[in-house]
Amino acid sequence: MDLNSQLQLLDWQPKFLQVLKANQTLVLVGEPGSGKSTQAETSEKGRQMMIACIQPRTLATMSVARHVAEEMGVTIGEEVAYSIPFEDCSSANTVLKFLTDGVLLREATSDPLLESATLAEKFQGFFYGAPLMEFPGRIHPVEIFYTQEPERDYLEAAVRTAVQIHMCEPPGDILVFLTGEEEIEDASCEIKKETGNMGDQVGPVKVVPLISTFPPAIFELTPPPSDEDGTPGRKIVVVSANNAETSFTIDSIVYVIDPGFTKQKVYNPRVHVESLLVYPISRACAHQRSGHAGRTQPGKCFRLYTERSFHNDLLPQFYPEILRSNLANTVLTLKKLGIDDLVHFDFMDPPAPETLMRALQVLNYLGALDDDGNLTSFSVFSHEANVSSRPDAQNAADEAKARFGHIDGDHLTLLNVYHAYKQNNEDSSWCYENFINHRVLKAADHVRQQLVRIMARFNLKLCSIDFNSRDCYVNIRKAMLAGYFMQVAHLERTGRYLTVKENQVVHLHPSNCLDHKPEWVIYNEHVRTSRNFICTVTDIRGEWLVDIAPHYYDLGNFPLCDAGRVLERLYMKKYKDRRDGRNRR
């Protein structure tokens, strides 16, 4: 922090501590970049109890924790630490812990909680008029620029703007916001290409694609070298999606490029589909993005849309995530916390009753809730591993993926990846050579260890057969079907897939490992982008459906389709085989 910021904070801290001690809840609001997430919590150091500060995303949690540790002059993992899914770097000395909200639900029951709120008045009203304090504002101004006319191609405009900033603006790093991994990779390649073609006209550029499935290379960034000899200094261009919007700090960022779009998931409970689509950002989101410029000096934000569009076309705030999400996990968490009356529960933003009912129905089908809505002893755990690729070596990545491929689909391919990872002693170099995301496999290994501990606690027998047995993969596919029986698609005579019961036309995602089109598949995700896709799919057999989930595949309320007629024949065969077996006895 600079001297002015320190003086502001010294004036503000005594009042903050006084109000915090006098009230159970305190809502803290401040400008983006003012230090809500990095300075308020350090005011409380010296207390005997641990302080938890929640962050919206894993990357933000790690970034803020490292930043605060540096400001306090301590080692990350000691007095200041973070805890994210499957990675807890805290210790017995930790007094300030940064967590994601999911981890907080598991860990925190009585520790003080500081939460900096973007929707300050909404939080204040929800907590019965809790006091609201404003954090001292930012010191450095941010100049906002708009386009005169709407851009026809925001991706091309973002690349062009980044190159122009590098050529024409004074030293300072650049943060570019885009909507997803494909755009980030394309933009990163184009920026490298454009700046590379300029030769010695401009200084060097380091382009960093900030993708959630990549290792967090952003933490290894170093400040650009000084240009004492008069040559232009190096600029860093960070290209990111919305994972860099909140509580993510790179002090050297001076320029922000905001095209005005983001990707959001929207859940439709009637057809059980999540659509991942590009939407315009909100005005609050635009304000957050501009806040990344000028952390340590005056900054500039280039908005690739008109000022009229900002005021007239953008919503003030996004609709809360609870209103556009599958609530199965949320309902299960509330049930575990002893909250049974979901209809009258005091949600800050009450979800639609239909979404709640669908979540209860799903949990009942899965056996997590009984017919009275009470928790059963059965729990559902799932995790998905990813195989990563590098845009500069796509062919080699495809070849590496093919080496792990399994004829029956993606889940068993991922299992092959995991087994190879273990056989190679969890070596990160082996992962890099084979285009495997080491962090994700490490997390998958933690999930397996957690499941083993849970089974031991409930005295459940580990009864896997030998991996080389011909029945091994069949048993695994049956086990997956036992959990994913509501996520099945059938290949109709027309050559297209329909989701079972919902009758939604879907396509196998191009990234799947299958070399054929099975009659029946289970899938992890049903998402809508340019088309309806089912992702992470595995071949199953129709007769398994009537054996494993007859309660769900009740033909009495089944829609008219090829799948229903096939299931009817399978049920008749099952009854005939059972009758013949009795006659033989």
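Just so it is clear, the structure is predicted and the values come from calculations on it, not from any experiment. (Residues numbered from 1 in each chain as written. Predicted model: local features only at pLDDT ≥ 70, side-chain atom pairs only at ≥ 80, totals over all residues. Heavy atoms only, no water.)

Novice: Which residues make up the overall build of the protein chain, and what values go with them?
Specialist: Helices and strands together make up the secondary structure of the protein chain, namely 18 helices and 20 strands. Taking all 585 residues of the protein chain together, 45% fall into the buried category. When the accessible surface of the protein chain is split by element, carbon and sulfur atoms take 50% of a total near 31000 Å². (Helix = DSSP H or I, 4+ residues; strand = E, 2+ residues; numbered from the N terminus. Buried < 20%, exposed > 50% of the residue type's maximum accessible area, 1.4 Å probe, protein only. Areas by Shrake-Rupley, 256 points an atom, 1.4 Å probe, with all protein chains shown as cover.)

Novice: Now, about the environment of Pro170: what can you tell me, with residues and values included?
Specialist: Note on placement: Pro170 falls in the loop between helix 6 (154-168) and strand 9 (173-177). Measuring from C-alpha to C-alpha, the distance between Pro170 and Val254 comes to 9.5 Å, with 84 residues separating the pair along the chain. Apart from residues lying up to four places away in sequence, Pro170 is in contact with Lys235 and Tyr255. (Contact = heavy atoms within 4.5 Å.)

Novice: Give a detailed account of helix 16 (residues 472-484), specifying residues and quantitative values.
Specialist: Relative to the 18 Å expected for 13 residues at 1.5 Å per residue, helix 16 spans 18 Å between its end C-alpha atoms, a close match to the ideal helical length. Buried residues belonging to helix 16 abut helix 13 (410-423), strand 16 (488-491), strand 19 (520-528), strand 20 (532-540) and helix 17 (542-548). (Expected span 1.5 Å × (residues − 1).)

Novice: Give me the lowdown on unusual backbone geometry, citing residues and values where you can.
Specialist: Backbone geometry at Asn425 places phi at a positive 60°, although glycine is not the residue there. Classification of Asn425 as exposed rests on a relative accessible area of 68%. In this structure, Asn459 takes a positive phi of about 55° despite not being glycine. Mapped onto the secondary structure, Asn459 falls in the loop between helix 15 (438-457) and helix 16. Residue classification places Asn459 among the exposed residues on the basis of a relative accessible area of 71%.

Novice: How would you explain the nonpolar core if you had to name every residue and give the values?
Specialist: Residues Phe485, Val488, Trp520 and Tyr553 are the most contacted members of the largest nonpolar core, which totals 26 residues. Contributing elements (two or more residues each) for this core: helix 11 (353-366), helix 16, strand 19, helix 17 and helix 18 (562-584). In terms of residue count, helix 18 provides more of this core than any other element does, five residues in total. When sequence neighbours within four positions are dropped, the list of residues in contact with Phe485 reads Tyr365, Leu366, Ala549, His551, Tyr552 and Tyr553. Of all hydrophobic cores here, the second largest spans 22 residues; its members include Ala158, Ile184, Ile211 and Tyr255. (Core = buried A, V, L, I, M, F, W, Y, C linked by side-chain atoms within 4.5 Å.)

Novice: Which residues make up the pairing of strand 11 (residues 235-240), and what values do they have?
Specialist: Most of strand 11 sits inside the fold, with six of its six residues counted as buried. Taking every second residue as pointing to the same face, both faces of strand 11 are buried, with Lys235, Val237 and Val239 on one and Ile236, Val238 and Ser240 on the other. The pairing of strand 9 with strand 11 spans four bridges and is parallel. Note on strand 11: the bridge partner recorded for Phe177 is Ser240. Looking at chain direction, strand 10 (residues 205-210) and strand 11 are connected through six bridges and run parallel. Counterpart to Pro209 in the pairing with strand 11 is Val239. (Pairing = 2+ DSSP bridges.)

Novice: Could you give me a rundown of the side chain of Ser240, with the residues and numbers involved?
Specialist: Tracing the backbone through its elements, the reader meets Ser240 in strand 11. Overall, Ser240 belongs to the buried group, its relative accessible area being 0%. When neighbours within four sequence positions are excluded, Ser240 is seen to be in contact with Leu175, Val176, Phe177, Leu178, Ile184 and Leu210.

Novice: Residues and numbers for the packing of aromatic side chains, please.
Specialist: The final tally for this structure, using the stated rule, is eleven aromatic pairs. A centroid spacing of 4.7 Å and a plane angle of 90° characterise the contact between Tyr365 and Tyr552, whose relative ring orientation is edge-to-face. Separated by 187 residues along the polypeptide, Tyr365 in helix 11 and Tyr552 in the loop between helix 17 and helix 18 bring together distant segments of the chain. For Tyr552, a relative accessible area of 2% gives the class buried. Residues Tyr552 and Tyr553 carry aromatic rings whose centres are separated by 5.2 Å and whose planes lie at 85° to one another, so their mutual orientation is edge-to-face. Here the aromatic residues Tyr365, Phe485, Tyr552, Tyr553 and Phe558 are joined through ring pairs into a cluster of three or more. Note that Lys501 overlies the ring of Tyr552, its terminal NZ or CZ placed 3.9 Å from the centroid. (Phe/Tyr/Trp six-rings, centres within 6.5 Å; stacked < 30°, edge-to-face > 60°. Lys NZ or Arg CZ within 6 Å of the ring centre and 35° of its normal.)

Novice: Please set out the environment of Ser90 residue by residue, giving values where relevant.
Specialist: Looking at where Ser90 falls in the secondary structure, it is placed in the loop between strand 4 (87-88) and strand 5 (96-100). By relative accessible area, which is 24% here, Ser90 ends up partly exposed. For the pair Ser90 and Ile76, spaced 14 residues apart in the sequence, the C-alpha separation amounts to 8.3 Å. Excluding anything up to four places from it in sequence, Ser90 contacts Gly77, Ala81, Tyr82 and Lys97. Of the polar contacts made by the side chain of Ser90, one reaches the side chain of Asp88; its length is 2.6 Å. Within polar-contact distance, the side chain of Ser90 engages the side chain of Lys97 at 3.4 Å. (Polar contact = N/O pair within 3.5 Å; in protein donor to acceptor, adjacent residues only side chain to side chain.)

Novice: Help me get a handle on the packing of helix 13 against helix 16, residues and values and all.
Specialist: For any two helices packed against each other, one specifies the crossing angle of their axes together with the interaxial distance. It is at 11 Å that the axes of helix 13 and helix 16 come closest, and there the two elements cross at 120°. It follows from the interaxial angle that helix 13 and helix 16 lie oblique. Note on packing geometry: the crossing formed by helix 13 with helix 16 is right-handed. Contacts between helix 13 and helix 16 pair His411, Leu412, Leu415 and Asn416 from the former with Tyr473, Ile476, Arg477 and Met480 from the latter. For the contact of helix 13 with helix 16, the residue count by class is five nonpolar, two polar and one charged. (Axes fitted to C-alpha atoms, helices over the stretch in contact; angles between N-to-C directions. Parallel < 35°, antiparallel > 145°, perpendicular 65-115°, else oblique. Left-handed = near helix turned anticlockwise from the far one by under 90°. Nonpolar A, V, L, I, M, F, W, Y, C, P; charged D, E, K, R; others polar.)

Shape descriptors only; they carry no functional weight alone.
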